[in-house]
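Examination of the molecular architecture
Spelled out, the chains give:
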Amino acid sequence: MAASELYTKFARVWVPDAEEVWKSAELTKDYNNGDSSLQLMLEDGTNIEHKLDPKTKNLPHLRNPDILVGENDLTALSYLHEPAVLHNLKVRFIDSKLIYTYCGIVLVAINPYESLPIYGSDIINAYSGQNMGDMDPHIFAVAEEAYKQMARDERNQSIIVSGESGAGKTVSAKYAMRYFATVSGSASETNVEEKVLASNPIMEAIGNAKTTRNDNSSRFGKYIEIGFDKRYRIIGANMRTYLLEKSRVVFQADEERNYHIFYQLCASAHLPELKALKLSSADDFLFTKQGRNPVIDGVDDAKELSTTRHAFTLLGINESYQMGLFQVLAAILHLGNVEVKDRDSDSSVIPPSNQHLTAFCDLVGVTYQDMSHWLCHKKLKTATETYIKPIPRLQATNARDALAKHIYAKLFNWIVEHVNKSLHATQKQHSFIGVLDIYGFETFEINSFEQFCINYANEKLQQQFNMHVFKLEQEEYMREQIPWTLIDFYDNQPCINLIESRMGILDLLDEECKMPKGSDDSWAQKLYNTHLKTCSLFEKPRMSNKAFIIQHFADKVEYQCDGFLAKNKDTVNEEQINVLKASKFDLLIELFRGEEKATSPSGAVPGGRTRLSIKPEKTRAAHSSKEHKKTVGCQFRNSLQLLMETLNATTPHYVRCIKPNDLKFPFTFDPKRAVQQLRACGVLETIRISAAGFPSRWTYQEFFSRYRVLMKQKDVLADRKMTCRNVLEKLVEDQDKYQFGKTKIFFRAGQVAYLEKLRADKLRVACIRIQKTIRCWLARKKYLRKKNAAITIQRFTRGYQARCLAKFMRRTQAATIIQKFQRMYMERKRYRQKQAAALAMQTILRAYMARQKYRRLLREHKALLIQKHVRGWLARQWYKRSLRAIVYLQCCTRRMKARRQLKKLKIEARSVEHFKKLNIGMENKIMQLQRKIDEQNKDSRVVSERLNSLESSHAVESERMRTELTRLRGAEEEAKNNANRVSTLLEELERLKKELHTTQKEKKTIEDWAQKYRDEMEKMVAELKEQNGLLKNEKNDLNRMLKEQSQQMTEKMTRALAEETQQLESDLNEERSRYQNLLTEHLRLEEKYDDLKEEITLSVNVPKPGHRRTDSTHSSNESECTYNSEFAESEESSRATEDVTRGMDTSLTLKLQKRVTELEQEKQSLRNELENKEDQFQRARARDDVEHKKARGAELEYESLKRQELESENKKLKHNLAEMRQSLLGNAGAGTGAPGSPAYKVLLDQLNSSCEELDVRKEEVLILRSQLVSQKEAMQHKETMTDPVHHVEDVSKLKDSGEIKQAYIGLKDTNRLLESQLQSQRRSYDNEVEVLRGELQSVKEENNRQQQLLAQNLQLPPEARIEASLQHEITRLTNENLDVLKTDDPTEYREARVIILRRMVDLMEQLEKQDKTIRKLKKQLKVFSKKIGEMGAGQIEGQVSPGQMVDEPIRPVNIPRREKDFQGMLEYKKEDELKLVKNLILELKPRGVAVNLIPGLPAYILFMCLRHADYVNDDQKVRTLLTSTINSIKKILKKRGDDFETVSFWLSNTCRFLHCLKQYSGDDSFMKHNSSKQNEHCLSNFDLAEYRQVLSDLAIQIYQQLIKCMENILQPMIVSGMLEHETIQGVSGVKPTGLRKRTSSIADEGTYTLDSILRQLSAFHSIMCQHGTDPELIKQVVKQQFYIIGAVTLNNLLLRKDMCSWSKGMQIRYNVSQLEEWLRDKSLMVCGAKETLEPLIQAAQLLQVKKKTDEDAEAICSMCLALSTAQIVKVLNLYTPVNEFEERVSVTFIRTIQTRLRDRCETPQLLMDTKMIYPVTFPFNPSSLALETIQIPSSLNLSFLTRV
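This is a predicted model, so every value here is computed, not measured.

Turning our eyes to something else, we now look at the confidence of the model for the protein. This prediction gives the protein a mean pLDDT of 77; 74% of its residues lie at or above 70. Within the protein, strand β21 (residues 602-605) has the poorest average pLDDT of any element, 30, and helix α7 (residues 260-267) the best, 93. Taken together, the stretch residues 596-628 has pLDDT below 50 and engages in 60 contacts with residues farther than four places along the chain or on a different chain.

The next thing to look at is the pairing of strand β17 (residues 431-437). Where burial is concerned, most of β17 is hidden: seven out of the seven residues are buried. Here β17 shows two buried faces, one formed by Ser431, Ile433, Val435 and Asp437 and the other by Phe432, Gly434 and Leu436. Of the strand pairs in this sheet, strand β8 (residues 157-163) and β17 are connected by five bridges, and their pairing is parallel. Pairing of Ser158 across the sheet is with Gly434, part of β17. Bridge count between strand β11 (residues 221-228) and β17: seven bridges; the pairing is antiparallel. Counted as the bridge partner of Glu225 is Gly434 from β17.

Let's shift gears to the packing of aromatic side chains. For the structure on display, the rule yields 34 aromatic pairs. Judged by centre distance (6.4 Å) and plane angle (80 degrees), the ring pair of Phe452 and Phe548 falls under edge-to-face. Of this pair, Phe452 sits in helix α14 (residues 449-480) while Phe548 is found in strand β19 (residues 547-551), placing the two residues 96 residues apart along the sequence. An identical accessibility class is assigned to Phe452 and Phe548; each is buried. When the ring of Tyr1683 is compared with that of Tyr1814, the centres are 5.4 Å apart and the planes differ by 75 degrees; the resulting orientation is edge-to-face. Of the two residues, Tyr1683 is situated in helix α47 (residues 1671-1694) and Tyr1814 in the loop between α53 (1787-1796) and β28 (1842-1843); the sequence distance between them amounts to 131 residues. Overall, the relative accessible area of 6% leaves Tyr1683 in the buried class. Its end group placed over the ring of Tyr528, Lys540 keeps NZ or CZ at 5.5 Å from the ring centre.

The next thing to look at is the sheet that holds strand β2 (residues 21-27). Spatially, the five strands line up as an open sheet ordered β4-β3-β2-β1-β5, and their pairing is antiparallel. The sheet is open, and its two edges are formed by β4 (47-51) and β5 (61-62), each paired on a single side. Pairing of β2 with strand β3 (residues 37-42) involves three bridges; the strand directions are antiparallel. Residue Ala25 lies in a different strand from β3, and its bridge partner there is Leu42. Running at roughly 100 degrees to β2, helix α2 (residues 82-95) makes contact with β1 (12-17), β2 and β5 of the sheet.

Viewed as axis vectors pointing N to C, helix α45 (residues 1585-1620) and helix α48 (residues 1702-1721) meet at an angle of 115 degrees, and their least axial separation amounts to 8 Å. Counting all contacts with α45, which are made through Gly1617, Met1618, Leu1619 and Glu1620, the residues of α48 involved are Lys1704, Ile1708, Asn1711, Val1712 and Leu1715. Looking at side-chain class alone, the contact of α45 with α48 contains five nonpolar, two polar and two charged residues.

Across the sheet, three strands lie side by side as β18-β19-β20; this open sheet has antiparallel pairing. Only two strands of the sheet have a single partner each, and these edge strands are β18 (538-539) and β20 (556-560). Two strands pair when backbone bridges link them, and β19 and β20 are joined in this way by five bridges, in the antiparallel orientation. Across the sheet, the residue bridging to Gln551 is Lys556, located in β20.

Before going further, it helps to examine the environment of Met644. Within the secondary structure, Met644 is located in helix α21 (residues 632-648). Met644 gets classed as buried once you look at its relative accessible area, which sits at 6%. Separated by 184 residues in sequence, Met644 and Lys460 place their C-alpha atoms 7.8 Å apart. Contacts of Met644, omitting those with residues within four sequence positions, involve Lys460, Leu461 and Gln464.

This part is about the side chain of Asn661. Residue placement: Asn661 occurs in the loop between β23 (651-658) and α22 (671-681). A polar atom in the side chain of Asn661 sits 2.8 Å from the backbone nitrogen of Lys664. Engagement of the side chain of Asn661 in a polar contact is seen with the backbone nitrogen of Phe665, the distance being 2.9 Å. Those residues in contact with Asn661 that sit more than four places away from it in its chain are Tyr113, Thr668 and Asp670.

Right, let's get into α21. The terminal C-alpha atoms of α21, which comprises 17 residues, lie 24 Å apart, in line with the 24 Å expected from a rise of 1.5 Å per residue. The buried fraction of α21 amounts to 13 of the 17 residues, a majority that puts the element mostly inside the structure.

The next point concerns a nonpolar patch on the surface. On the surface, a cluster of nonpolar side chains totalling about 570 Å² of accessible area is made up of Trp1009, Tyr1013, Met1017, Met1020 and Leu1024. Mapped onto the elements of the fold, Leu1024 is located in helix α27 (residues 912-1099). Judged by relative accessible area, Leu1024 falls into the exposed class, the value being 51%.

Attention now moves to the nonpolar core. Counting residues in each nonpolar core, the largest one holds 321 residues, and the members touching the most others are Phe180, Phe360, Met371, Tyr408, Trp523, Phe548 and Leu580. Of all the elements, α45 adds the most residues to this core, at 18 residues. Among all residues touching Met371, those that are not within four sequence positions of it are Leu357, Phe360, Cys361, Val366, Leu403, Gln576, Val579 and Leu580.

Looking now at the pattern of salt bridges. Proximity of charged atoms lets side chains of opposite charge pair with each other. On inspection of all chains with the given rule, the structure shows 55 salt bridges. With its nearest N and O atoms 3.1 Å apart, the salt bridge here joins Glu450 to Lys567. Taken as a pair, Glu450 in helix α14 and Lys567 in helix α18 (residues 564-569) lie far apart in primary sequence, 117 residues in all. Taking the relative accessible area as the measure of exposure, Glu450 reaches 17% and is therefore buried. Lys567 sits in the partly exposed class, given a relative accessible area of 30%. A salt bridge links Arg1720 to Glu1717, with the nearest nitrogen and oxygen atoms 3.2 Å apart. In this pair, Arg1720 and Glu1717 are both assigned in helix α48, three residues apart and thus about one turn of the helix distant. What makes Glu1717 partly exposed here is its relative accessible area of 37%. One continuous salt-bridge network, built from bridges that share partners, spans Glu164, Lys659, Asp662 and Arg673.

So, on to unusual backbone geometry. A positive phi angle, close to 80 degrees, is found at Phe10, a residue other than glycine. Note that Phe10 resides in the loop between α1 (3-6) and β1. Even without being glycine, Ser1723 reaches a positive phi, approximately 60 degrees. Mapped onto the elements, Ser1723 comes out in the loop between α48 and α49 (1729-1732).

The subject of this paragraph is helix α46 (residues 1650-1666). Here α46 contains 17 residues, and its C-alpha end-to-end distance of 24 Å stays within 8% of the 24 Å for a straight helix at 1.5 Å per residue. Buried residues of α46: Leu1650, Ser1652, Ile1653, Leu1654, Gln1656, Leu1657, Phe1660, His1661, Ile1663 and Met1664, and no others. Packing partners of the buried residues in α46 comprise α43 (1540-1559), α45, α47 and α48.

Time to look at the environment of Met150. Tracing the chain through its elements places Met150 in helix α4 (residues 139-153). Put simply, Met150 and Ile433 are 283 residues apart on the chain and 7.7 Å apart in space, counted from C-alpha to C-alpha.

Attention now moves to a positive patch on the surface. A cluster of basic residues, Arg851, Lys853, Arg855, Arg856, Arg859 and Arg969, forms a positive patch on the protein surface. Ranked by the residues each element gives to the positive patch, the list is headed by helix α26 (residues 751-908), at five residues. Assignment of secondary structure puts Arg969 in helix α27. Judged by its relative accessible area of 54%, Arg969 is exposed.

The topology assignment puts His552 in the loop between β19 and β20. Exposure remark for His552: the relative accessible area of 1% places this residue in the buried category. In this structure, the C-alpha to C-alpha distance between His552 and Asn455, residues 97 residues apart in sequence, is 7.9 Å. A polar contact of 2.7 Å, which involves the side chain of His552, links it to the side chain of Tyr559.

Relative orientation of the contacting elements helix α10 (residues 319-336) and helix α20 (residues 586-593) amounts to 75 degrees, with a least axis distance of 9 Å. Taken together, α10 and α20 sit at an angle that is classed as roughly perpendicular. Of α20, the residues touching α10 (which contributes Tyr321, Gly324, Leu325 and Val328) are Leu587, Glu590 and Leu591. Tallied by class, residues from the contact of α10 with α20 come to five nonpolar, one polar and one charged.

Rules used throughout
- Residues numbered from 1 in each chain as written.
- Predicted model: local features only at pLDDT ≥ 70, side-chain atom pairs only at ≥ 80, totals over all residues.
- Heavy atoms only, no water.
- pLDDT = per-residue confidence, 0-100.
- Helix = DSSP H or I, 4+ residues; strand = E, 2+ residues; numbered from the N terminus.
- Contact = heavy atoms within 4.5 Å.
- Buried < 20%, exposed > 50% of the residue type's maximum accessible area, 1.4 Å probe, protein only.
- Pairing = 2+ DSSP bridges.
- Phe/Tyr/Trp six-rings, centres within 6.5 Å; stacked < 30°, edge-to-face > 60°.
- Lys NZ or Arg CZ within 6 Å of the ring centre and 35° of its normal.
- Axes fitted to C-alpha atoms, helices over the stretch in contact; angles between N-to-C directions.
- Nonpolar A, V, L, I, M, F, W, Y, C, P; charged D, E, K, R; others polar.
- Polar contact = N/O pair within 3.5 Å; in protein donor to acceptor, adjacent residues only side chain to side chain.
- Expected span 1.5 Å × (residues − 1).
- Patch = residues over 30% accessible without salt bridge, like charges linked within 9 Å, V, L, I, M, F, W, Y side chains within 5 Å.
- Areas by Shrake-Rupley, 256 points an atom, 1.4 Å probe, with all protein chains shown as cover.
- Salt bridge = Lys/Arg side-chain N within 4 Å of Asp/Glu carboxyl O.
- Core = buried A, V, L, I, M, F, W, Y, C linked by side-chain atoms within 4.5 Å.
- Lys, Arg positive; Asp, Glu negative; His and termini not counted.
- Charge placed at Lys NZ, Arg CZ, Asp CG, Glu CD.
- Parallel < 35°, antiparallel > 145°, perpendicular 65-115°, else oblique.

Next comes the structure, spelled out in structure tokens:
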């Protein structure tokens, strides 16, 4: 493409600038080849002339289209060069507040110098499991990519974080490790993960310091290997450190600090445990005050020390070791304050009793004399002698500082070693991810040995980076099979050779260190002599002989030679070390013990990989005077070499941290500093390598979707690849600018911009055409409006003229009309006469013609018939003659042939085969003849049928003609009649006209009178209306005032009530949510504990101890979290596991137990609070329940007395039957009724069955009686435990509650006693005052007496207990009646008497009913006795004829017996309980039950079994059944918890079981909807309220498991279906992307769409409906589903810049409408699901609304009420135009939005909590299904259950 095509007028370019590095400008004139300059206009309007280099003629860089600005990936830019990269980073950082950007495989992170809410757990969950290109750039995306590649490719990974000091390397590495700790473990971090994260504060404290560029700068390099097991969970970690800056311990520049740990200790010196360290303020110590700025803004050093100590503890470094470390650190500070003074010019001395040296010696445990001596002396050894030589003050000070640095380095290594020990994996490591946090390229005004090593390391890393980028680039080309040439890239191997090769800088430095009199000057001269002329990368400064310059890959750096040798040697006085080794301080001895060991820098590590040693390699020769044989440079080179080997063995991921400015201002971008770092960190090199090849890459589908507008319809083929190829060949002539791969099209730099230009031009032309058309339409519309206005004016004018003309014409026309009508009448009359005459003539003529025509047709028809028959006869005759002739001829011919054939056949006739053949032939001929006959018959039938049809059609036609003739004759007659009627009608018309004239006159008279009357009435009505209006106004005013007042009061009350109700509901929901969250946490801890037990059981084989029984009296809460005692294996394994666990990790067990206890306590407290909240809603209903319970108690008392009467009658019946049996045995002495006879057996069997029936009834009565007595005793015991003052009230309550009805057995005696008491009451009326005074004392005595009586009754047998209670009731009733009648008021006396008389009447009536029942039973007994007697007599008479006994059957005695009805209970044996649980829960398949059986069948069966256990009053059976059921449900959910169908099935059944417990509990509030039969099935012996709570908790757990299962199924579909898939095709265009390709919006095979989500939702709904889930519960599940869909979609929208566009907002709104339509189809619009999508709807609206003016801002603020301020601002920042015709949101508008939303009270959280689960409730849903009607199918294998 020629330059003249790109550098045209209005094209934008980049020109260099001294301040801003690059400035944007626009061409004001086209560029032509040969021009020496360009005419440009800057953005501020300044016109400049840009001169071109006359030699190179290089044109300035072109600027990318605005649509590409702000891209996530720099490689997506069409023009890849430095200004484009810089501008893209600036726009993202300043305008969009985005700190992360991809550059190919590199993540560029810019330090915002501000805390951002983008690192929370919600962000981690959002990035977990996502592809790297599918989300916005983030450190979490890089970490997730490394984690996925490790799991997918089975290859170790590395994350290399580099950058300048202050660029944010340490923070980035920390966040990466936090991500691994979160995604690889459980929701709350395990112990290993906590330790990995806890290593960060420790290493920051001892290795980080404040510098001028960074408040928390890492002064060492570290490489942390995080180990994972085969399940990719963190099992341990290992840390390697590089090049600790030891010089910082003794020296800090201005505005810098020493390591943080020193300041933390000084800030915490006031703590009691640190008093012994003798520390004070940091300003008092030389080693901490040199920087003159010991405080960091916003950092509390004392608090940081607490964090550090906690981290030490977590990593296993106990308190004593911590104090030892602090002791050594404090000693270093004191050592720095030791002052050395001159004794003379060659010697120095430390004054005696130096305070700080004394403190140092005390802290490290050495003698003061030895240390003070060797600080000022040194030992010189020769071959024969040893000298002790004093040293001057300067050397002594240097030796002191060297010792401090050495001690600190030893301490640093010791801490790192112990951290690694704590993080060491206990099991085999499967793979690892390494995080390298190492210093970036550094250049200062004065650069020394440290900067040299740092830049050397960066050279090695840059080389590795270049090779990796180059390799990936070439692999992409090879994978796509496109031709490629070797890309030229910068190779820094010459610079590395200059540093590390033989006779390199490091080699010469080590050699100079070995020289006895080596110095920095001599080493510099060697460098000049060796490399100055031979290496172009090495230079000598002009003005210095003690420095050298190296041309690094990033920049030239000048190094000062001073200090190189000393830092490389890193020497320390040997005697000082010996003094420290002789210390009494154990930790110090341990620090220096390592010097006696030979430590290799590498060691074998499980897994076959190499590992670096933490400390440099040391060798110890016996009696050697040199501690360190390897120099620092040599050690660093070896460590770096091992690091490179490790990195080369892993898959690297790169993070380049950029420091935006040196002043640490938030979101301030300095282009100079940024460009410098981009060059240094290799980002621009990546861009250069990409630009050298084909940086822009499009899939064929993306290219087609984007540039479809450039194609014509004929260019579009079915093959997308061929279509793209053809179009590109037309659009881009130079075929070297692009290449076609297998799946992608590769473009050279600038080609995408050219295509975008063509696309924009095409769209611009289309826009112009659209504008032209619209403007034409608007102008035409305006013209038509004017035209219509003119026409209207003309119309009105012409109308006036026309009306005037019409008036004249109307008069003229009136006369004309009169004339017309007169003439018309005359002409009409004349015409009608002529018409009548003509019609008559026509009628006669037409009739004659019709007759003639009919006769002619008839003749022709008959002639045709004659011809037809004649011709048919002639044809038949000819046919017959021809047929006879042909047949005769055939006969002759055939006869002749037959004779000839006969001769042959006679010869062959003798053979059997011929005969057979002949027969076969004959059979065939016969069949053929038969077939011919059939065909002829068929033809004859067809001919006859045709003939019949012709005859029938002829008849029909004749009939039709006759009918037509008749009709014509009738029409003729009707015409004659009409002519006669005309004259009659004319006469009638004249008469009517006369009557009309008369009526009109009368009408006019009446109208005049009516008008007069109407005027009078209207006048009267107006007066009345006026008066009525006044009255109505007054009335309306009064009504309005009353209505306003009442409305105000109503609104006020409604508002107050609504607020209170809303507050209570919110409190209740909050408490429910907290309670259910605690249940979730409790369940998680249970599962975690079970998993630990299983792992320990599998790993350790421990003999199982004996059985351990579980107490059956455990509470229901205990049974919730324990296994059933019947499962012996589980108990044994759990006991063994507990022993092993206790031995292996006691601290973990105690911690878990403590946590479980706390959760149990909090759970109980929350449960109590929840009950209190629910009580607030049920207080009003509680009063009604109390009254209902009183009535219920009375009914129960009445039923109990009725059952007692039945029992007494049953006793009598049994007694009579026993007498009958005795009499029967006595009368049958020697007759046929003797024992053994058939009649006797039959009678005896029926008698026994009757007795059994009576026994059953007796047992039922006894059970009911014992229940009533126990309830009564419990009530009395409760009353006796209360305050005696309220006893009178309690007695009255007992009286009302129905205890009086227990005295019905002695009703007659009671009545007589009551009458005598009434008589005596009158006599004792005078003594009433004294009785009232002694009432309190009598109540107390009565209370004590009842307690004694209760104790006595409890010791009596049941029958005697009942009699005693009746006697007590008689006495109590007497006392009560006396109390009632003791009154002075006659009215009260009469009322009391009436009440007592009514009671007596009621008792008498009930007594009469009981007597009738007794008489009825006696009559039945007599009937039975008579029948038995007759049966006996019949048997005696039958004894006379013996044969009759054999021949005739014995007639059985007809004693009617009442059959047992099925009571809706199931009985099972104790040993069948495990089988019941196994068949009904553990092995049940939900699908078969849901399809074939009634919903909730397992729940009904379990409840029916429970009812029987309650019926037989078996406490143990009830408890074990409920416990086994709960544990089995938990077990099946743990085993198949990821199956939605299973979880839904057991949620439905658990809820149904819970509803059954409520429905049949006997509680009135749950029995309102029961039938009478269902009320009879209520539980009678046990109150299972506690188990209802346990089942409710279990249902909550199952519900949460259902939500998790559903979320796991929906999660992969949501983003693809709601965001990525284009439901409305063609609305959103595809933008160019970079190396990190995103998921295409075009639906491919396997891609989830919105239809996939809707189908899945329908499947969920269908499954829950099949399982019979409660409708209210389904609504809650659907609400949770829609919340998950909305939250996940919104979170991804907030994290994906490419999704924030106008067209995507339209797609989202359409998708939401489809979801709402699904809700309507399922009738779920009122479940609250739609409201959960409100944030997503508002976000979509926010993408589509206008975003320019203040009115738009106000509209947005009022619209987006469901979105937080952070979310609104995030969407506005991310808003990206898909087409260049859209505009970006300005920064000013976003600031306006923030200002308006400043007063909102909301959480600053950016993302929605996708893990949030709404609190679930289980509204009571009674079942109308009768238990006795339930049938158990045989497929459940429950034949051992017996129906009761």
